[in-house]
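Here are the chains, one letter per residue:
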Amino acid sequence: MNFERIKEKLSILADAAKYDVSCSSSGSKRTNTNKGLGDSSGMGICHSYTEDGRCVSLLKILLTNHCIFDCAYCVSRKNNDIKRAAFKIQEVVDLTINFYRRNYIEGLFLSSGIFHNPDYTMERLVSVAKKLRLEENFNGYIHLKSIPGCSDELMREAGLYADRLSINIEIPTVSGLKLLAPEKDHKDFIKPMEKVKNEIIQYKAEKKIIKNTPVYAPAGQSTQMIVGATGESDKDIMYSAVHYYSTYNMKRVYYSGYVPVLEDNRLPALGTEVPMLRENRLYQTDWLLRFYGFDVRELLNQNHPNLDIDIDPKLSWALRNMHMFPVDVNTADKQLLARIPGLGMKSVHKIINARKYRRLNWENLKAIGIAMSRAKYFMVCNSSDFESRDLEPERIKSMILQSSQSKYQKFYNQQLSLFN
């Protein structure tokens, strides 16, 4: 094995994989000092989560950055003048095992550009996972990217060896995809999603009858949408996300702020700021939908098609619905408590448990760890004063912003222009 060539491939194909945010970078700085294979400094080590919630480190790479498509938003597009590389199947297997033995990783995140055709590419991805499982007896976490347009048979086989499968929808709307990737068909993205969903349903049904039924994609499937490459509103993006959650039983939908890397009149100009804060607001909205009982139409609708940049979506909703406040923390149910800005679900559970023993006042709530700087305007307790004092929503917003600091503060002015 030519170690220098493998290292060069790893550098190219780990860098190309960084635009897929289904896993986030771990920032590992552990380096190899004896010229052996396995330098993890900037070489594609990332974190992901297993079905039971454990955080694992993964080797995150592309099988190749060669691609037959010319998608405007993709750094690996056919007509982009970049350095190309491709791993052999055995090279990926050897890399994974060597990194695993050095305790750098616990699994593999493998994606690929599409070369020759979708089935050829997907077959090679599956071959890597199959070799790891059957020949190397590797039981670590494996995440495979599904290739749009590949056959049902390959998707069936992929789920038998991978823990999680994902197919990136890429652009949130069909019209946006046609604009930036006219060679692709939206139906080719949907078909693998449908297949994986049905296989998981079938596996769970058969498992109830036959205990030794082969496991199929135990960590489910996910998808990713690029934010800011086209003109979709936050409403368009989140309504699409809700559709994928409900229709295809997605475990996660990821949102990736578009990074301008190519000159194209269909895209934001080079040098345009990556919409990091907008991405963060979308994740916060996603969290509210999945864990706080919100309906997407409450947060985003015709009258409010984009999220506020300067405040989080729960606070924004509360300020537009002041008729629902203040909430009495000593009597309100779990769902209503969860709608108070500043209260996370852990705080909600603490309040419900604590009020079994006494009526809670401001001091009790502070002791519990409530974010009082914002929550105090939206709730009452066993104290005589109420912090809102009939303040107008804009005044409450101003007072909260003055008393809080965000790591995204520097992006406020830049990104407000996105919604003008």
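Scroll up to find the structure this text is about.
Here the structure is a predicted model, which is why all the values come from computation and not from measurement.

Asks: Help me get a handle on the overall build of the protein chain, residues and values and all.
Replies: A count of helical and extended segments in the protein chain gives 16 helices and 10 strands. Within the protein chain, the proportion of its 420 residues that are buried is 53%. Residue pairs in contact within the protein chain that sit at least 24 positions apart in sequence constitute 65% of those at least 6 positions apart. Total accessible area on the protein chain stands at roughly 20100 Å², and carbon and sulfur atoms take up 48% of it.

Asks: Please provide a residue-by-residue account of the nonpolar core, values included.
Replies: Core analysis: the largest hydrophobic core is formed by 80 residues, its most contacted members being Ile-61, Tyr-73, Leu-110, Met-122, Leu-165 and Tyr-255. Filtering out sequence-adjacent residues up to four positions away, Ile-61 remains in contact with Leu-10, Leu-13, Ala-14, Ala-17, Phe-87, Val-92, Leu-108, Phe-109, Leu-110 and Ser-111. The next biggest cluster of nonpolar side chains, apart from the first, holds 34 residues, and it includes Ala-318, Ala-332, Ile-351 and Cys-381.

Asks: Any details on the packing of helix H6 (residues 186–207) against helix H7 (residues 234–248)? Residues and values, ideally.
Replies: Each packed pair of helices is defined by two parameters, the angle between the axes and the distance between the axes. Two elements in contact, H6 and H7, have axes whose closest approach is 10 Å; the angle formed by their N-to-C orientations is 40 degrees. Considering their axes alone, H6 and H7 lie oblique with respect to each other. Counted together, His-186, Ile-190, Met-193, Glu-194 and Lys-197 of H6 and Tyr-244, Thr-247 and Tyr-248 of H7 form the full contact between these two elements.

Asks: Quick one: what's the story with empty space enclosed by the protein, residue by residue and with numbers?
Replies: In total, this model carries 1 cavity of 30 Å³ or more according to the counting rule given. Of the pockets and cavities examined, the largest cavity occupies roughly 670 Å³. Around the largest cavity, the lining comprises 36 residues; the ones closest to its centre are Asp-20, Tyr-73, Cys-74, Asn-168 and Glu-170. Taken together, the elements giving at least two residues each to the lining of the largest cavity come down to strand S7 (221–227) and strand S8 (252–257). The class makeup of the residues in the lining of the largest cavity is 19 nonpolar, 11 polar and 6 charged.

Asks: Can you lay out the pattern of salt bridges for me, pointing to particular residues and giving the numbers?
Replies: Using the criterion set out here, one finds 22 salt bridges in the structure. As a salt-bridge pair, Asp-163 and Arg-133 come within 2.8 Å of each other at their nearest N and O atoms. Here the residue Asp-163 occupies a position in the loop between helix H4 (152–161) and strand S6 (164–166), and Arg-133 occupies one in helix H3 (residues 118–134), the gap between them amounting to 30 residues. Given a relative accessible area of 17%, Asp-163 falls into the buried group. In this structure Arg-133 comes out as buried when scored by relative accessible area, which is 17%. Across the pair Asp-295 and Arg-297 runs a salt bridge whose closest N-O atoms are separated by 2.9 Å. Overall, the relative accessible area of 28% leaves Asp-295 in the partly exposed class. Relative accessible area serves as the criterion here: at 55%, Arg-297 is assigned to the exposed category. Sharing partners across several salt bridges, the network here consists of Asp-70, Arg-77, Asp-264 and Arg-266.

Conventions adopted
- Residues numbered from 1 in each chain as written.
- Predicted model: local features only at pLDDT ≥ 70, side-chain atom pairs only at ≥ 80, totals over all residues.
- Heavy atoms only, no water.
- Helix = DSSP H or I, 4+ residues; strand = E, 2+ residues; numbered from the N terminus.
- Buried < 20%, exposed > 50% of the residue type's maximum accessible area, 1.4 Å probe, protein only.
- Contact = heavy atoms within 4.5 Å.
- Areas by Shrake-Rupley, 256 points an atom, 1.4 Å probe, with all protein chains shown as cover.
- Core = buried A, V, L, I, M, F, W, Y, C linked by side-chain atoms within 4.5 Å.
- Axes fitted to C-alpha atoms, helices over the stretch in contact; angles between N-to-C directions.
- Parallel < 35°, antiparallel > 145°, perpendicular 65-115°, else oblique.
- 1 Å grid on protein atoms, 1.4 Å probe; cavity = no way out; pocket = protein on both sides within 12 Å on 5 of 7 lines; lining within 4 Å.
- Points joined across faces, edges and corners; volume = space filled by probe spheres on them.
- Nonpolar A, V, L, I, M, F, W, Y, C, P; charged D, E, K, R; others polar.
- Salt bridge = Lys/Arg side-chain N within 4 Å of Asp/Glu carboxyl O.

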